[in-house]
Amino acid sequence: MADVIPTLEELHALPAAQQPSYADPDAVARVLAELRARPPLVFAGECDELRRKIAAVAAGRSFLLQGGDCAECFDSVTAQDIRGKLRVLLSMAVVLTYAAQVPVVKVGRIAGQYAKPRSSDTETRDGVTLPAYRGDAVNSLDFDPAARAHDPNRLVEVYNRSSATLNLLRAFVKGGFADLRTVHTWNSDFVRNSNVEERYETMAGEIERALAFMVACGVDNDQFRTVDLYSSHEALLLEYEHALTRIDSRTGTPYDVSAHMVWLGERTRQVDGAHVELLRHLRNPVGVKLGPTADPDDVVALLARLDPNQEPGRVTVITRMGADNVREVLPPIIEAVEDTGRKVAWVCDPMHGNTFSSANGYKTRAFSDVVEEVNGFFDVHDELGTWPGGVHVELTGGDVTECVGGVDELAEADLAAHYETACDPRLNRNQSLELAFMIAERLAAGRASHGNAVQAYKPEDF
Ligand code: PEP
Ligand code: CO
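Student: I'm lost on the overall build of the protein in this one. Help?
Tutor: Along the backbone of the protein there are 14 helices and 14 strands. Across its three principal axes, the protein shows a C-alpha extent of roughly 65 × 50 × 45 Å. Taken across its 462 residues, the protein has 57% of its residues classed as buried. Long-range contacts, defined as pairs at least 24 residues apart, comprise 77% of the intrachain contacts of the protein with a sequence gap of at least 6. Per element, the accessible surface of the protein, about 17900 Å² overall, is 50% carbon and sulfur. Of the charged side chains in the protein, 46 are positive and 69 negative, and the gap between their average positions amounts to 5 Å.

In structure tokens form, the structure reads like this:
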């Protein structure tokens, strides 16, 4: 087991895509010294716990739900915003757990998701060209030269905002907000008349009766009151992730203590690149995004580099192929990885392969494409006899209008009403819950028809 952390100089000697360019190296050095002195945001033991839970996903005994903003913003670190996202995640998880009867590992794309890879380094508006927005970790969304300059001091703010977010999440999930007996109240302010709302209400009523039954039988478990929620983000900014990587005093091994799980983006997963070099040393569970051009042999080589010992739960492969490609390009990748004997958690990101620009100029996604990619993902795994281990979605707790379609039948003309994302379009609450019901149906149907992969649960999966 690797027990060293490569130096920042060693990382910088390797190819590294999508990095900021800071004008003042002394300011960077000051910021990094400050970050290195700060306490960890997560405890290494929690990362181990998540790795064990993801091992259960890879073994077909559990389902991973990962979701949150495309890009968190400093200004959105409010109780209302955090509560909204948590509520959607918990509601989706309860739909999956209850309707599909499968344990759900809950991971937020939250408390650190502040840096964005971009397809272009610049943005031009009305003949003015400025550096592209790269997330609040790097610069500001405002379109003016000072705001778009890359500022290392923002990294301290990432730490502070992540810390505040995680603090509230921890309080919510352990302090009563996640109590299953309050499942009704999570969505009590639903816009009425939606089909999703009715289904949710019916399910919540059934859960309440089931819980009352168990309490009457003398079973009143702590697991009804609290949940385990983990944090994750894309490990994009080498400086930040490196400054938050520490040797765990218990085990003498390195953990990135900025989040429980970090992932490699589609644009920064080069096998000989700096990002892979950093992540391969970590003991955290790590994710890898794969787009439609991923080559099966490259994927096998990448996984071997990241996880040579094939440690259960260490690698999650997050595929984002697009609704039109998934049935064609996913099978050879799964087959190539399975042929090596490696068991990974296979997770579907049905968002990033399905983005388009609407006629009225919004970056959007169609809910029907999201559903179609998830269906394709399930069909492929059904055919290959592998376990569709989870989903990774961009969502928010508000009733935003960023993706078209879904139960409210949002049209392109509706996008302008509440288009709030700083980066990619997110599912709103109704769309997220609708997706959860759809996935729960697929999971339940898979189990009914093939005894699909869900084997006997083990107590540690919960
Ligand atoms: C993202 O998750 O927001 C993202 C940029 O994804 P990908 O690396 O898959 O393009
Ligand atoms: Co995104």
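Still more to cover.
Student: Please explain the pairing of strand β5 (residues 229-234) as it appears in this structure.
Tutor: Within a regular strand, side chains alternate between the sheet's two faces. Counting buried positions over the 6 residues of β5 gives 6, a clear majority of the element. On β5, burial covers both faces: Leu 229, Ser 231 and His 233 on one face and Tyr 230, Ser 232 and Glu 234 on the other are all buried. Alignment of strand β2 (residues 104-109) against β5, held across 4 bridges, turns out to be parallel. The residue of β5 that forms the bridge with Gly 108 is Ser 231.

Student: Would you explain helix α13 (residues 367-384) in this entry?
Tutor: Think of an α-helix as turning once every 3.6 residues; residues three or four places apart then point the same way. Compared with an ideal rise of 1.5 Å per residue, which puts 18 residues at 26 Å, α13 spans 26 Å between its outermost C-alpha atoms and is within 8% of the ideal. Here α13 has its buried residues at Phe 367, Val 370, Val 371, Glu 373, Val 374, Asn 375, Gly 376, Phe 377, Phe 378, Val 380 and His 381. Residue Gly 385 follows α13 closely and has a positive phi angle near 75°.

Student: I keep staring at the site of ligand 1 and nothing clicks. Help me out?
Tutor: All residues in the neighbourhood of ligand 1 are listed as Cys 70, Arg 109, Lys 116, Pro 117, Gly 265, Glu 266, Arg 267, Lys 289, Arg 320, His 352 and Glu 394. Side-chain polar atom of Arg 320 to an oxygen atom of ligand 1: 2.6 Å apart, as the coordinates give it. Residue His 352 places a side-chain N or O atom 2.9 Å away from an oxygen atom belonging to ligand 1. Considered on its own, ligand 1 offers 300 Å² of accessible surface; in the complex 98% of this is hidden by protein. Grouping the amino acids of the shell around ligand 1 by side-chain chemistry returns 2 nonpolar, 2 polar and 7 charged.

Student: What's the story with the sheet that holds strand β14 (residues 390-394) in this structure? I'm lost.
Tutor: Adjacent strands of a sheet pair through backbone hydrogen bonds, lying either parallel or antiparallel. Reading around the barrel, the 8 strands line up as β1-β2-β5-β8-β9-β10-β11-β14 and close back on themselves, with parallel pairing between neighbours. Each neighbouring strand pair of the sheet contributes to a mean axis angle of 25°, computed without reference to strand direction. The pairing of strand β11 (residues 345-348) with β14 spans 2 bridges and is classified as parallel. When the sheet's bridge partners are listed, Cys 348 is paired in β14 with Val 391.

Student: What is the right way to read the pattern of salt bridges from this model?
Tutor: A side chain with one charge may pair with a side chain of the opposite charge, provided their charged atoms come close. Tallied over the entire structure, the rule returns 37 salt bridges. Taking the shortest distance from any N to any O, the salt bridge between Asp 69 and Arg 426 comes out at 2.7 Å. One end of the pair, Asp 69, is in the loop between β1 (63-68) and α4 (79-100); the other, Arg 426, is in the loop between β14 and α14 (429-450), and 357 residues separate them in sequence. Members of the salt-bridge network, linked through shared partners, are Asp 48, Arg 51, Asp 248, Arg 250, Arg 283 and Glu 311.

Student: Teacher, can you tell me more about helix α2 (residues 25-37) here?
Tutor: Helix length check: α2, at 13 residues, gives a terminal C-alpha distance of 19 Å against a target of 18 Å (1.5 Å per residue), a fit within 8%. The set of residues buried in α2 consists of Ala 27, Val 28, Val 31, Leu 32 and Leu 35. Down the axis of α2, the smallest arc covering the buried residues is 130°, so these residues share one side. Residues Asp 26, Arg 30 and Ala 37 are exposed on α2 and point more than 90 degrees away from its buried face. Elements that come into contact with the buried residues of α2 comprise α1 (8-12), α6 (154-174), α9 (238-243) and β6 (245-247). At the N-terminal end of α2, a side-chain oxygen is found 3.0 Å from the backbone nitrogen of Asp 26, two or three residues along, and the residue is Asp 24.

Student: How should the packing of helix α12 (residues 326-339) against α13 be read in this particular structure?
Tutor: The axes of two packed helices give the description: the angle between them and the distance between them. Running from amino to carboxyl end, α12 crosses α13 at an angle of 40°, the nearest separation of the two axes being 9 Å. Between α12 and α13, the interaxial angle falls into the category oblique. Taken as a pair, α12 and α13 cross one another with a handedness that is right-handed. Facing Val 326, Arg 327, Leu 330, Pro 331, Ile 334 and Glu 335 of α12, the residues of α13 in contact are Glu 372, Glu 373, Asn 375, Gly 376, Phe 377, Asp 379, Val 380, His 381 and Leu 384. Of the residues that constitute the contact of α12 with α13, the class distribution is 7 nonpolar, 3 polar and 5 charged.

Student: For this particular structure, what's the right way to read the packing of aromatic side chains?
Tutor: By convention here, two paired aromatic rings are described through the distance between centres and the angle between planes. Applying the stated criterion to the full structure yields 4 aromatic pairs. Measuring from ring centre to ring centre gives 5.2 Å for Phe 74 and Tyr 114, while their planes differ by 50°; the resulting arrangement is tilted. Taken as a pair, Phe 74 in the loop between β1 and α4 and Tyr 114 in the loop between β2 and β3 (122-125) lie far apart in primary sequence, 40 residues in all. Taken as a pair, Phe 74 and Tyr 114 share a single burial class, namely buried.

The rules we used
- Residues numbered from 1 in each chain as written.
- Chains lettered and ligands numbered in written order.
- Predicted model: local features only at pLDDT ≥ 70, side-chain atom pairs only at ≥ 80, totals over all residues.
- Heavy atoms only, no water.
- Helix = DSSP H or I, 4+ residues; strand = E, 2+ residues; numbered from the N terminus.
- Buried < 20%, exposed > 50% of the residue type's maximum accessible area, 1.4 Å probe, protein only.
- Contact = heavy atoms within 4.5 Å.
- Areas by Shrake-Rupley, 256 points an atom, 1.4 Å probe, with all protein chains shown as cover.
- Lys, Arg positive; Asp, Glu negative; His and termini not counted.
- Charge placed at Lys NZ, Arg CZ, Asp CG, Glu CD.
- Pairing = 2+ DSSP bridges.
- Expected span 1.5 Å × (residues − 1).
- Near = heavy atom within 4 Å.
- Polar contact = N/O pair within 3.5 Å; in protein donor to acceptor, adjacent residues only side chain to side chain.
- Nonpolar A, V, L, I, M, F, W, Y, C, P; charged D, E, K, R; others polar.
- Axes fitted to C-alpha atoms, helices over the stretch in contact; angles between N-to-C directions.
- Salt bridge = Lys/Arg side-chain N within 4 Å of Asp/Glu carboxyl O.
- Arc of directions from axis to C-beta.
- Parallel < 35°, antiparallel > 145°, perpendicular 65-115°, else oblique.
- Left-handed = near helix turned anticlockwise from the far one by under 90°.
- Phe/Tyr/Trp six-rings, centres within 6.5 Å; stacked < 30°, edge-to-face > 60°.

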